[in-house]
Amino acid sequence: MIAPSEFARRRAELMRMAGEDAALVVAAAPQRMRNADAAWPYRQDSDFHYLTGFPEPDAVLALLPGRASGEAVLFCRERDAARERLEGARIGPENAATQFGVADAFPVEDIDDILPGMLEGRTRLYCHFGRENEFDAQLLRWMRRLRSSRGGGVVPREFVALGHLLHELRLYKSSAEIALMRRAAKIAADAQREALRAARPGAAEYEVEAALLHTMRAHGAVPSYPPTVAAGPNACVMHYTRNRGKLGRGDLLLIDAGAEVECYASDITRTWPVGGTFSREQRALYGVVADAQQAAIEEVRAGSPFTAAHDAATRMIAHGLCALKLLPGSARAALKSGDYKRFFPHKTGHWIGLDVHDVGDYRVDDEPRMLEPGMVVTVEPGIYIAPDDATVPPKWRGLGIRIEDDVAVGARGSEVLTAALPKAIEDVQALCSG
Ligand code: GLY
Ligand code: MN
Ligand code: MN
C-alpha cells in the first residue's frame, strides 16, 4: 500500500521541481465506453494516481505551490444518491479532503468558476496537452475566462509539458512501490504455474488464458495488459492476443502475462514445451535465449548503462544463431550488419512501474541513461523464426521463444522480482510434465 504521506511527498517534490510561480493541473482518466451503455473496466490515469491515489473519474488535481490555504486542491464528483444506486458509491468532496490528504476539495461541476482564479498570478502552467480532447478544451476555457474576467492580473503565459518533471519522479520507485511490484510479480508467477495445468496437448489457448485470469482475479489483481498465450507458430507474433489456437503436443507455448496490483504492473514471459519435453531444435534455441537473458540480467545494476543489457543479449543471440548455422558467417559480421534482427527484432527491455511500458527517458543528454537504485526494468530477449522463413531448414521454422523477468535496481545489488517462476531447461520441462 502507498501511504497518504507518500502521495503528499510526491506532490511536494513535484511542486518543488516546478517552482513557486507555477501551477500544475492533472486530470483523472475518463470513463471509456465499450459500446452503448457498457463501460470498459475503469483504470485510473497513472499520473493522476501517482499524485493522489484517488480512484474515480471526473476529477482534477491542481497543485498551487505556496498557496496560503493549502497547495493541493482536488475537484471531484459530488455525492448523488440516485447515481450511486446505479453506479456505486462516490467519495464526494466532503470526504475527499480528509481521506486523500488534500487541502481543499470542491465539486468538479464548479471547476470552471473556481480554478481560473486559482491560476491567476502564476506564470507557468504544467499539464498534459493533446492527450484528451475534453481536457484540452477545458484548459482553453479556463484561460479565456481568466483573461476576460480579470483586469491586468498575471495570466500563465507559459504552458509546459508536465511529463518532463513528473515522469522523472515516477522513474525512481520507493520501497513501497517495489513491494507492490513484488506482489504483482508473485501473482503473475503463480498465474503461469496454475495455467500450466490447463496447458495440455489439445487444449485451446483461451483455456490457458482463463487459468491465468482466474489466478490473478483470485488474488485481487487484474491483468496489466491483455495476455499473450501463443502456441506453436503463434509465438512468432510478438503481441499475439487472439488466444484461439490449439496446443499441439511438441509445440512451444509462449505465455506473456503480467498482473497489476494497486495500479503497479508486472510483466513476465516464459516459453514452455507442451507435453513436457523440448525437441532438439527447441532446446538449442531455448538455451540461446536463456543464456542471453542471464547475460542481460547481469548488466542490470546501478552504474551500468540502460543499453548494456540489450548489448549483452544481442551478442549472445548473434553468437548462438551463428553457432546453430541459422545465420551465415561470423557473429561479429551478424552484429555489424544487424542481420540478427531478423530473428530478434525488438529491444531487450523497458521501464516498468505504474505502466507496463513505464515513463522515463532512456537517454539523458543524448547518452544512454545510467541505471540507478529504484529503477525497474524488464529483461526480455527472444528468438522468433517465422513459419515461412525459407532461409532456414524446415525443422527450425515456426519457433518463437521469449523469456522475460522484471528486475529492480538496488544500491546493494539488483532483485529479480519474477524469480519465483522457473526458467532453467530442466525445471521448465519438469513443470510441464507435472
Ligand atoms: N508484455 C508486453 C511486453 O513485454 O513488453
Ligand atoms: Mn515487457
Ligand atoms: Mn511481456
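Just so we're clear, the structure is a prediction, and the values are computed from it rather than from any experiment.

A. Spotlight on the sheet that holds strand E10 (residues 228-231). Here three strands make up an open sheet; going across it, the order is E10-E11-E14 and the pairing antiparallel. What marks the edges here is a single partner per strand, and that holds for E10 and strand E14 (269-273). Here the average twist between neighbouring strands, direction ignored, is 15 degrees. By the bridge criterion, five bridges tie strand E11 (residues 252-256) to E14 in an arrangement that is antiparallel. Bridge pairing in E14 links Leu-252 to Pro-273. Its contacts with the sheet place helix H8 (residues 175-198) against E11 and E14, and it is angled at close to 25 degrees to E14.

B. Region of the structure containing the layout of surface pockets. Counted as a void, the largest pocket has a volume near 1,000 Å³. Around the largest pocket sit 32 residues that line it, and Ala-29, Pro-30, Tyr-42, Arg-43 and Asp-45 are the ones nearest its centre. Of all elements in the fold, only strand E1 (22-27) and helix H6 (133-149) reach the threshold of two or more residues within the lining of the largest pocket. Partitioned by chemical class, the residues of the lining of the largest pocket number 17 nonpolar, six polar and nine charged. In terms of lining, the second largest pocket is formed by 24 residues, of which the most central are His-239, Asp-267, His-350, Val-356 and His-357. Grouping the amino acids of the lining of the second largest pocket by side-chain chemistry returns six nonpolar, nine polar and nine charged.

C. The coordination of the manganese ion (ligand 3), seen in detail. Distances from the manganese ion (ligand 3) to its protein donors, Asp-256 (OD), Asp-256 (OD), Asp-267 (OD) and Glu-404 (OE), fall at 2.1 to 2.4 Å. Because the angles between the six donor atoms bound to the manganese ion (ligand 3) fall within 56 to 168 degrees, the donor set is best described as irregular. Read in sequence order, the donor residues for the manganese ion (ligand 3) give the motif D-x10-D-x136-E. Separating the manganese ion (ligand 3) and the manganese ion (ligand 2) is a distance of 3.4 Å, and Asp-267 donates to both of them. Residue Asp-256 is located in strand E11, and its partner Glu-404 is located in the loop between strand E19 (400-402) and strand E20 (405-408); the two are separated by 148 residues in the primary sequence. Glu-404 carries the same exposure label as Asp-256, and that label is buried.

D. A look at the coordination of the manganese ion (ligand 2). Taken together, Asp-267 (OD), His-350 (NE2), Glu-380 (OE) and Glu-404 (OE) make up the protein donors of the manganese ion (ligand 2), found 2.1 to 2.2 Å from the metal. Classification of the site at the manganese ion (ligand 2) rests on its six donor atoms, whose angles at the metal span 51 to 156 degrees, yielding the label irregular. Written as a sequence motif, the donor arrangement for the manganese ion (ligand 2) is D-x82-H-x29-E-x23-E. According to the relative accessible area criterion, Asp-267 is buried, its value standing at 3%.

E. Region of interest: the pattern of salt bridges. Counted according to the given criterion, the structure contains 34 salt bridges. As a salt-bridge pair, Glu-207 and Arg-200 come within 3.2 Å of each other at their nearest N and O atoms. When salt bridges with common partners are traced through the structure, they connect Asp-45, Asp-47, Arg-131, Arg-170, Lys-173, Asp-355 and Asp-358 into a single cluster.

F. Local environment of the environment of Asp-267. Secondary-structure assignment places Asp-267 in the loop between strand E13 (264-265) and E14. Along the chain, Asp-267 and Pro-223 lie 44 residues apart, while their C-alpha atoms are 9.5 Å from each other. Residues in contact with Asp-267, not counting those within four places in the same chain, are Tyr-225, Asp-256, Gly-258, His-350, Ile-352, Val-356, Thr-378, Glu-380, Glu-404, Asp-405 and Asp-406. Only 2.8 Å separates the side chain of Asp-267 from the side chain of Tyr-225, close enough to count as a polar contact. At 3.1 Å, the side chain of Asp-267 forms a polar contact with the side chain of His-350.

G. Focus on the environment of Leu-165. Following the sequence through the fold, Leu-165 ends up in helix H7 (residues 163-171). Leu-165 sits in the buried class, given a relative accessible area of 16%. With 147 residues separating them in the primary sequence, Leu-165 and Ala-18 have C-alpha atoms 7.6 Å apart. Ignoring sequence-local partners within four residues, the contact set of Leu-165 consists of Leu-14, Met-17, Ala-18 and Tyr-126.

H. Summary view of the site of ligand 1. Taken together, the residues surrounding ligand 1 are Tyr-225, Asp-256, Asp-267, His-350, His-357, Glu-380 and Glu-404. In this structure, His-357 approaches ligand 1 through a side-chain N or O atom, which is 2.6 Å from an oxygen atom. Taking Glu-380, its side chain carries an N or O atom lying 3.0 Å from an oxygen atom of ligand 1. If ligand 1 stood free it would expose 200 Å²; the protein chains cover 88% of that surface. More than half of the atoms belonging to ligand 1 lie within 2 Å of the grid points that define the second largest pocket.

What counts, and where the lines are drawn
- Residues numbered from 1 in each chain as written.
- Chains lettered and ligands numbered in written order.
- Predicted model: local features only at pLDDT ≥ 70, side-chain atom pairs only at ≥ 80, totals over all residues.
- Heavy atoms only, no water.
- Pairing = 2+ DSSP bridges.
- Helix = DSSP H or I, 4+ residues; strand = E, 2+ residues; numbered from the N terminus.
- Axes fitted to C-alpha atoms, helices over the stretch in contact; angles between N-to-C directions.
- Contact = heavy atoms within 4.5 Å.
- 1 Å grid on protein atoms, 1.4 Å probe; cavity = no way out; pocket = protein on both sides within 12 Å on 5 of 7 lines; lining within 4 Å.
- Points joined across faces, edges and corners; volume = space filled by probe spheres on them.
- Nonpolar A, V, L, I, M, F, W, Y, C, P; charged D, E, K, R; others polar.
- Donors = N, O, S within 2.8 Å, 3.2 Å for Na, K, Ca; no water.
- Tetrahedral: all angles 85-135°; square planar, octahedral: opposite > 155°, others 65-115°.
- Buried < 20%, exposed > 50% of the residue type's maximum accessible area, 1.4 Å probe, protein only.
- Salt bridge = Lys/Arg side-chain N within 4 Å of Asp/Glu carboxyl O.
- Polar contact = N/O pair within 3.5 Å; in protein donor to acceptor, adjacent residues only side chain to side chain.
- Near = heavy atom within 4 Å.
- Areas by Shrake-Rupley, 256 points an atom, 1.4 Å probe, with all protein chains shown as cover.
- Sits in = over half its atoms within 2 Å of the grid points.

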